[in-house]
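# Coordinates in review
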Amino acid sequence: MAKIHELSTILSDQIAAGEVIERPASVVKELVENAIDAHSTQIDIRIKDAGLQMIQVTDNGEGIISDELPLAFKRHSTSKIATRNDLFKVKSLGFRGEALASIAAIADVTLTSATANEPTGSCVHIKGGKILNQQSVAVRQGTTVEVKDLFFNTPARLKYLRSYQTELSKIVDIVNRLAMGHTDIAFSLINDQNLMLKTTGRHNLSQTVANIYGISIAKKMLPISGADLDFKIDGLVSLPEVTRASRNYISLLINGRYIKNFQLNKALIAGYGSKLMIGRFPIAVINIQMDPLLVDANVHPTKQEVRLSKEDALGNLLTNIIRQKLATLNLIPDALRHQPVVKPQITSSPDINVDTQTQQLTIDEATSATDDVALAMQLHEDDQLPINDAITTTTATYHTASTSQPRFPQLRYLAQVHGTYLLAEAEDGLYLLDQHAAQERIKYEFYREEIGKVSNAQQNLLVPIIIDYANNDALILHERLPLLRDIGIYLEPFGQNSFILRTHPAWFPENNVEATVREMIDEILQKGKLTVAEFREKTAIMISCRTSIKANHHLEPQQAQALLDDLAKTANPFNCPHGRPTLVKFSNKDLEKMFKRIQDPHDTRDAKIGD
């Protein structure tokens, strides 16, 4: 047996670096967070070869005292906490004192820094954890960290890196999140001479979102805000029509720290209710301010996973804020603009095409998007907003309902198209409705109420149902039988891995009892909880979909008008329960443009042609 011995400091740092520094994006994240903690107002990031060849982060923050530069590279050396109590009320992004030591252990690092109270700055060169040189230099206040030859002494780590495109997109993604969480800081990101991101640092989240996702997306983001005794929430969420296929476009920031939290993502999506299509997720930037005592950031070296006190209360607050915001809006999409937005590609090199879903604006677009006036002019041209209003807002052209403009129009039936769509008119334009989606919404709200009125009565089964499960599931199910009883499912053990059901709630679908019970059990096994309200919601959706009129079904004019009138009476006439739109709108202005009754808005002459 080998003798027990203490590892060298350098080897320990290289092992620890595997937890903190997973890829070039990890280096960027740690260095930028340090720059933010230094109270910088400008942070410039330059990278080469997606960060493998070089990463340079320059800030105008407080700087590091010359005598403390070598200490900054020692593990667990930090200026951000001093006592155990500090660990439970962390206000900075960094605090573990591991980043610089981990980076220096596996790369060639040069750090140059100067403070306001020293006549000159200092530069230290460290490679593989060994300090090679330190000298005085004349530099402005702030810090520049240059990292070269990442993983030069741990080549095995290189084989786990992904393609150039993937590594670059990871860097862009983390800088985007940090920029949206710190809109008071001007960020720039350049890769191989290509400008990937530039923000102005003018404390304008809408403008920052425009820089990252494009003006067309920023215009369809809604500002939200709300608070209770423990939490303050603000940010932007997209209209239900603007969605993505994954949750990756949801940015949650707690006290400026980007985090990943499944429960908060779920709460955000719950705020949309049935307004989102199944499998689609909104774009959102959610800033949460809370007492540092309520959040434990010391869970994982990357600090993206945190523990939250009162997480349920925070989730409920977020859900209610979004629900109340959407409840005030007319969510009928414009037919001519209700198309997926294809963003321009960034070409980082002649043979590299970066995925459009994860990329930013081109150099010209990013530059113009950061200019308040240019952004305002674009909004002014697109929506004819007063120029002063356009300067101060990039929110969508969907407005809160007022007494003069009802939330849902009074529709008059005109015709049916292909037995599937209904044409209708209102004072403000022409509407096209999906008859199945419209009736599905009407029936869903009816069944949701009717199912809720059903008592807790039980229906006896003529033939009991026996349900078998694998050993691991059966063990969990034994433990969670009380949860099933709470929602009216009285399972009894019937052997080691079997259960018997003799009765079922009276509101269950007659011909689908076993499948319904199994679905409820699966929910219990997967989530550990299920309420009657949640399952009745799913049942109402299923019934409404199956019983609604389908495509190629002819309606009499009276039936069509009745459908329009009933839709207007629903709580949410804009979407079916699956999130599909029930109708789209061609505004009077759209129609006039289509028939050239409105001239080019750049023409200073009379814009509208007379009858």
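Here we summarise the structure given alongside this text. From a predicted model like this one, the values you see are computed outputs, not experimental measurements. (Residues numbered from 1 in each chain as written. Predicted model: local features only at pLDDT ≥ 70, side-chain atom pairs only at ≥ 80, totals over all residues. Heavy atoms only, no water.)

## Observations regarding the overall build of the protein chain
To keep it simple, the criterion reads: Secondary structure counts use DSSP, requiring at least four H or I residues in a row for a helix and at least two E residues in a row for a strand, with both numbered from the N terminus. For each residue, the accessible area found with a 1.4 Å probe, counting protein chains only, is set against the maximum for its type, and the residue is called buried under 20%, exposed over 50%, and partly exposed in between. Contacts: residue pairs with any heavy atoms within 4.5 Å of one another. Per-residue and other accessible areas follow the Shrake-Rupley method at a 1.4 Å probe size, with only the shown protein chains counted as cover for residues.
For the protein chain, the count of helices and strands is 20 helices and 24 strands. Looking at the 611 residues of the protein chain, the share that counts as buried comes to 47%. Contacts in the protein chain between residues far apart in sequence, at least 24 positions, make up 69% of those at least 6 positions apart. Per element, the accessible surface of the protein chain, about 30300 Å² overall, is 51% carbon and sulfur.

## A closer look at the environment of I321
Structurally, the position occupied by I321 is in helix α10 (residues 311-327). Classification of I321 as buried rests on a relative accessible area of 9%. Between the alpha carbons of I321 and I233 there is a distance of 8.6 Å; along the sequence they are 88 residues apart. When sequence neighbours within four positions are dropped, the list of residues in contact with I321 reads I224, S225, G226 and I233.

## Side note on the environment of S206
Looking at where S206 falls in the secondary structure, it is placed in helix α7 (residues 205-213). Along the sequence, S206 and A218 sit twelve residues apart, while their C-alpha atoms lie 6.1 Å from each other.

## Brief notes about the packing of helix α9 (residues 262-272) against α10
Short version of the rule: What counts as an axis is a line fitted to C-alpha atoms, over the stretch in contact for a helix, and the angles between N-to-C directions run from 0 to 180 degrees. These descriptions rest on fixed angle ranges, namely under 35 degrees for roughly parallel, over 145 for roughly antiparallel, 65 to 115 for roughly perpendicular, and the rest for oblique. Handedness of a crossing follows from how the near helix is turned relative to the far one, being left-handed for an anticlockwise turn of less than a right angle and right-handed for a clockwise one. Throughout, the ten residues Ala, Val, Leu, Ile, Met, Phe, Trp, Tyr, Cys and Pro are labelled nonpolar, Asp, Glu, Lys and Arg are labelled charged, and all others, Gly among them, are labelled polar.
Taken N-terminus to C-terminus, the directions of α9 and α10 make an angle of 25°; their axes are 7 Å apart at the nearest point. As the angle between them shows, α9 and α10 are arranged roughly parallel. Remark: the crossing between α9 and α10 carries right-handed chirality. Contact with α9, carried on its side by Q263, L264, A267, L268, A270, G271 and Y272, involves E311, L314, G315, L318, T319, I322, R323 and L326 of α10 and no other residues of that element. Of the residues contributing to the contact of α9 with α10, the split by class is nine nonpolar, four polar and two charged.

## Here we look at the sheet that holds strand β24 (residues 583-587)
Hydrogen bonds between backbone groups are what pair the strands of a sheet, and the pairing can be parallel or antiparallel. Where we set the bar: Any two strands with at least two DSSP-identified bridges between them are counted as paired.
Pairing is antiparallel in the open sheet, where four strands are placed in the order β18-β19-β20-β24. Whereas interior strands pair on both sides, the edge strands pair on one side only; in this sheet they are β18 (412-417) and β24. Averaged over all neighbouring strand pairs, the angle between strand axes comes to 25°, with direction disregarded. Strand direction decides the pairing type here: strand β19 (residues 421-426) and strand β20 (residues 429-434), joined by six bridges, are antiparallel. Bridge pairing links L422 to L433 in β20.

## What about the sheet that holds strand β23 (residues 498-505)?
Taken in spatial order, the three strands make up an open sheet running β21-β23-β22, and their pairing is antiparallel. The strands lining the two open edges of the sheet, one partner per strand, are β21 (458-468) and β22 (491-493). Across this sheet, the average inter-strand angle for adjacent strands is 20°, counted without regard to direction. Alignment of β22 against β23, held across three bridges, turns out to be antiparallel. Counted as the bridge partner of P493 is F499 from β23.

## Here we look at a nonpolar patch on the surface
Selection criterion: Two joining distances apply to patches: 9 Å for like charges and 5 Å for nonpolar side chains (Val, Leu, Ile, Met, Phe, Trp, Tyr), and every residue must have over 30% relative accessible area and no salt bridge. We define a salt bridge as a side-chain nitrogen of Lys or Arg found within 4 Å of a carboxyl oxygen belonging to Asp or Glu.
On the surface, L336, M594 and F595 cluster together to form a nonpolar patch covering roughly 340 Å² of accessible area. Looking at where F595 falls in the secondary structure, it is placed in the segment after α20 (588-594). Note on F595: relative accessible area 64%, which makes it exposed.

## Topic: the pairing of strand β12 (residues 250-254)
Along β12, five of the five residues are buried, which leaves the element largely enclosed by surrounding structure. Alignment of β12 against strand β15 (residues 284-290), held across five bridges, turns out to be parallel. Following the sheet pairing, S251 is matched in β15 by V285. Both β12 and strand β13 (residues 257-259) contribute to a ladder of three bridges, which runs antiparallel. Residue L252 lies in a different strand from β13, and its bridge partner there is I259. Here β12 folds back onto β13 in antiparallel fashion, the turn holding two residues, of which N255 has a positive phi close to 50°.

## Some details on the packing of aromatic side chains
The geometry of two aromatic rings is summed up by the distance between their centres and the angle between their planes. Formally: Stacked, tilted and edge-to-face are the three classes assigned to paired rings of Phe, Tyr and Trp, where Trp is represented by its six-membered ring and a pair needs centres within 6.5 Å; plane angles under 30 degrees give stacked, over 60 edge-to-face, the rest tilted. Here, a charge over a ring is recorded when the distance from Lys NZ or Arg CZ to the ring centre is within 6 Å and its angle to the ring normal is within 35 degrees.
All told, the structure shown has three aromatic pairs when counted by the stated rule. Seen from their ring centres, F446 and Y447 are 5.2 Å apart, and the 70° between their planes marks the pair as edge-to-face. Residue classification places F446 among the partly exposed positions, given a relative accessible area of 46%. In this structure Y447 comes out as partly exposed when scored by relative accessible area, which is 22%. Positioned above the aromatic ring of Y249, the side-chain terminus of R244 is 5.4 Å from the ring centre.

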